[in-house]
Amino acid sequence: MKFLHLSLSILILGVLSACSTCENDGDLFENRGLIIRSTFAPDCAKRINPVPDELVVRSDSALSFYYSGGTSCNWGIDFEQETLLRYTSNGQCNVQVIREVRSNGESTYLYQKNINECGDCNLGTFDEGWVVVDINDEDAEFKFRTIRN
């Protein structure tokens, strides 16, 4: 009888810990490194071509390949000094996404996402991953990586 009680206690503890909020009690998204800010496609921007999950945009003309809106649709990005990056990701249940862009050598940069997810539920989270970085090097190469915890 003690074994059955102990087994049930362990099972209940396991179920409760799977549904806990873990340590993801802070903000859903956090930016680090060379990221100036997160951004979103403005309402006036209409998608005209499929947008890749990993994208580096260095000019208005490159952006206009994917979105229409003309000059009146302002993304708030100075492409003479900044670069727009997109790296999508998703997660389940209680999720925290830490976005970081850092130098990985001369003219090489890494956009990394650490995705901390826990719990056992059907709640999904999707991150478009649009960020603005203070990099205006035409020769800069960007790599993308996701780490799931």
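Every chain begins its residue count from 1, and numbering advances along the sequence as written. pLDDT decides what is reported in this predicted model: residues at 70 or higher carry local features, side-chain atom pairs at 80 or more are listed and counted, and totals for whole chains, interfaces and linings draw on all residues regardless. In computing side-chain values, all of the structure's heavy atoms are included and hydrogens and water are not.

(A) Focus on the environment of R99. In DSSP terms, a helix is any run of H or I states spanning at least four residues, a strand is any run of E spanning at least two, and both are numbered starting from the N terminus. Among the secondary structure elements, R99 is positioned in strand β8 (residues 94-103). Partly exposed describes any residue whose relative accessible area lies between the buried limit of under 20% and the exposed limit of over 50%, with all areas from a 1.4 Å probe on protein chains only and scaled to the type maximum. Since its relative accessible area comes to 4%, R99 is described here as buried. Taking C-alpha positions, R99 is 8.7 Å from V131, a pair spaced 32 residues apart along the chain. Here, two residues are considered to be in contact whenever any of their heavy atoms come within 4.5 Å of each other. Leaving out residues up to four positions away in the same chain, R99 has contacts with F29, E30, N31, R32, I35, S38, Y111, Q112, K113, D127, G129 and V131. Under the rule applied, a polar contact is a pair of N or O atoms within 3.5 Å (in protein, one hydrogen donor and one hydrogen acceptor; residues adjacent in sequence only if both atoms are side-chain atoms). Here D127 takes part through its side chain, which lies 2.8 Å from a polar atom of the side chain of R99.

(B) Fine view of the side chain of T108. Looking at the element boundaries, T108 is found in strand β9 (residues 108-118). Take T108: its relative accessible area is 16%, and that puts it in the buried class. With residues up to four places along the chain from it excluded, the contact list for T108 reads R102, S103, E141 and K143.

(C) Spatial organisation of the pattern of salt bridges. Any carboxyl oxygen of Asp or Glu within 4 Å of a side-chain nitrogen of Lys or Arg constitutes a salt bridge here. For the coordinates displayed, the defined rule picks out eight salt bridges. E128 is the partner of R86 in a salt bridge, and the nearest nitrogen-oxygen pair spans 2.6 Å. Of this pair, R86 sits in strand β6 (residues 83-87) while E128 is found in the loop between β10 (124-127) and β11 (131-133), placing the two residues 42 residues apart along the sequence. The class of R86 is buried, set by a relative accessible area of 3%. In this structure, a network of salt bridges that share partners links the residues R99, K113 and D127.

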